[in-house]
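Notes for the structure review
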Amino acid sequence: MTKWGMKSSASSVDLKNLPFLRTQPTPKQRLFMEATERFVGYGGARGGGKSWAVRRKAILLACFYGETPEREAITILIIRRTLQELYENHIRKLIHDTKGLAEYRDKHRTLEFKNGSRIVFGYMENEKDADQYQGNEYDVIFIDEATQISEYMFNILKACVRGTKAGVPKRIYCTCNPGGKGHAYVKRLFIYRNFTDKENPDDYAFIQAKVEDNEYILANDPEYLNMLDSLPDGLREAWRDGRWDLFVGQFFTEYDASIHECDPFPIPDHWTRYHVIDYGLDMLASIWAAA
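Parameters and conventions
Residues numbered from 1 in each chain as written. Predicted model: local features only at pLDDT ≥ 70, side-chain atom pairs only at ≥ 80, totals over all residues. Heavy atoms only, no water. Buried < 20%, exposed > 50% of the residue type's maximum accessible area, 1.4 Å probe, protein only. Helix = DSSP H or I, 4+ residues; strand = E, 2+ residues; numbered from the N terminus. Pairing = 2+ DSSP bridges. 1 Å grid on protein atoms, 1.4 Å probe; cavity = no way out; pocket = protein on both sides within 12 Å on 5 of 7 lines; lining within 4 Å. Points joined across faces, edges and corners; volume = space filled by probe spheres on them. pLDDT = per-residue confidence, 0-100. Contact = heavy atoms within 4.5 Å. Core = buried A, V, L, I, M, F, W, Y, C linked by side-chain atoms within 4.5 Å. Axes fitted to C-alpha atoms, helices over the stretch in contact; angles between N-to-C directions. Patch = residues over 30% accessible without salt bridge, like charges linked within 9 Å, V, L, I, M, F, W, Y side chains within 5 Å. Areas by Shrake-Rupley, 256 points an atom, 1.4 Å probe, with all protein chains shown as cover. Salt bridge = Lys/Arg side-chain N within 4 Å of Asp/Glu carboxyl O.

**Regarding the pairing of strand β2 (residues 75-80)**
Within β2, six of the six residues are buried, which leaves it mostly tucked inside the rest of the structure. Burial of β2 is two-sided: the residues T75, L77 and I79 facing one way and the residues I76, I78 and R80 facing the other way are all buried. With six bridges joining them, β2 and strand β5 (residues 118-123) adopt parallel strand pairing. For I78, the partnering residue across the bridge sits in β5 and is F121.

Here's what the structure looks like:
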């Protein structure tokens, strides 16, 4: 058994000859492959090779587990926002990459591996879609573009990661770009690491990957970086640079956390304090300031 779990006696297939293993991961993708925290975030910008990393790691996990009684077969869920995105980004490519190793069953949208492991494909376009997963049980979940789902949907999926299989990990992998309905909770957990009392910081890891970290896209599509540079303010900083403090529609586009934020400190007694309330049209804002 190699570090990557390349040997799979139960599959009767030499994984070294499979097409999907001919491309080696980038250094950032390798960090993602080796991450073992319960919650792992990956990406933060466009072009970092997120979807490829999801497919590669899902296959390797499915092959590694299910070989022996000490490592029972694994059930993996891959989530995207829509069924169309799911098919174009994962199902179609995984069917090709696992030929001879697994069989795709369209009725249930699953890849069934010869060693008993499964990759299940699901989508969450709105919160009603999340209801179909309540009560389901998975060992590993990949949420591709986690910022496209709400925190409620994320919590539903968190509750699905459970089980008593021997030697099988329980993990959630989130790829993400700044922006979208899930921007705030993804930033809180993986970027700011602002945890609640019931969240263990040791359970969370984030691997920042930008287009400059992806040698394959730079070599095969050199104009992609120029395209990112041509995007309008807000979108460019989010998608090219992975800026989580700047996004499309933001009023103060000059905001920069490195300039406009500081570590907490005791406010001197002689400073003048202000309290401002804005009733707003849809929510209340209460702001404290000191000068």
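**Some words on the layout of surface pockets**
What the largest pocket holds in volume is close to 640 Å³. Every residue lining the largest pocket is counted, 27 residues in all, and those nearest its centre are G49, S51, W52, R55 and K93. Those elements giving two or more residues to the lining of the largest pocket turn out to be α2 (50-64), α3 (83-97) and α7 (215-220).

**Considerations on the confidence of the model for the protein**
Overall, the prediction assigns the protein a mean pLDDT of 86, with 89% of residues at 70 or greater. The secondary structure element of the protein with the lowest average pLDDT is helix α9 (residues 235-241), at 74, and the one with the highest is strand β6 (residues 140-143), at 98. Every residue in residues 1-12 scores below 50 in pLDDT, and together they form 30 contacts with partners more than four places removed in sequence or on other chains.

**Overview of the nonpolar core**
With 33 residues, the main nonpolar core has I76, I78, F121 and F142 as its most contacted residues. Looking at this core, the element that brings in the most residues is α2, giving eight residues. Setting aside residues no more than four positions away along its own chain, I78 makes contact with V54, A58, L86, H90, L94, I119, V120, F121, G122 and F142. Formed by 28 residues, the second largest nonpolar core is a distinct cluster that contains I149, L157, C176 and F195.

**Concerning the sheet that holds strand β3 (residues 102-105)**
Spatial strand order, β3-β4-β5-β2-β6-β7-β1-β8: eight strands in an open sheet with mixed pairing. Pairing within the sheet leaves two strands with one partner each, and these edge strands are β3 and β8 (204-209). With strand direction ignored, the average angle separating the axes of adjacent strands in the sheet is 15 degrees. In the packing of helix α1 (residues 27-34) onto the sheet, the strands contacted are β1 (39-44), β6, β7 (171-176) and β8, and the crossing angle to β8 comes to about 165 degrees. Sheet strands in contact with α2 are β1, β2, β4 (110-113), β5, β6 and β7, and its direction is about 165 degrees off that of β7.

**Some words on a nonpolar patch on the surface**
Together, Y274, V276 and I287 make up a nonpolar patch on the protein surface, roughly 290 Å² of accessible area in all. Here V276 is to be found in strand β9 (residues 273-278). Look at V276 and you get partly exposed, because its relative accessible area is 44%.

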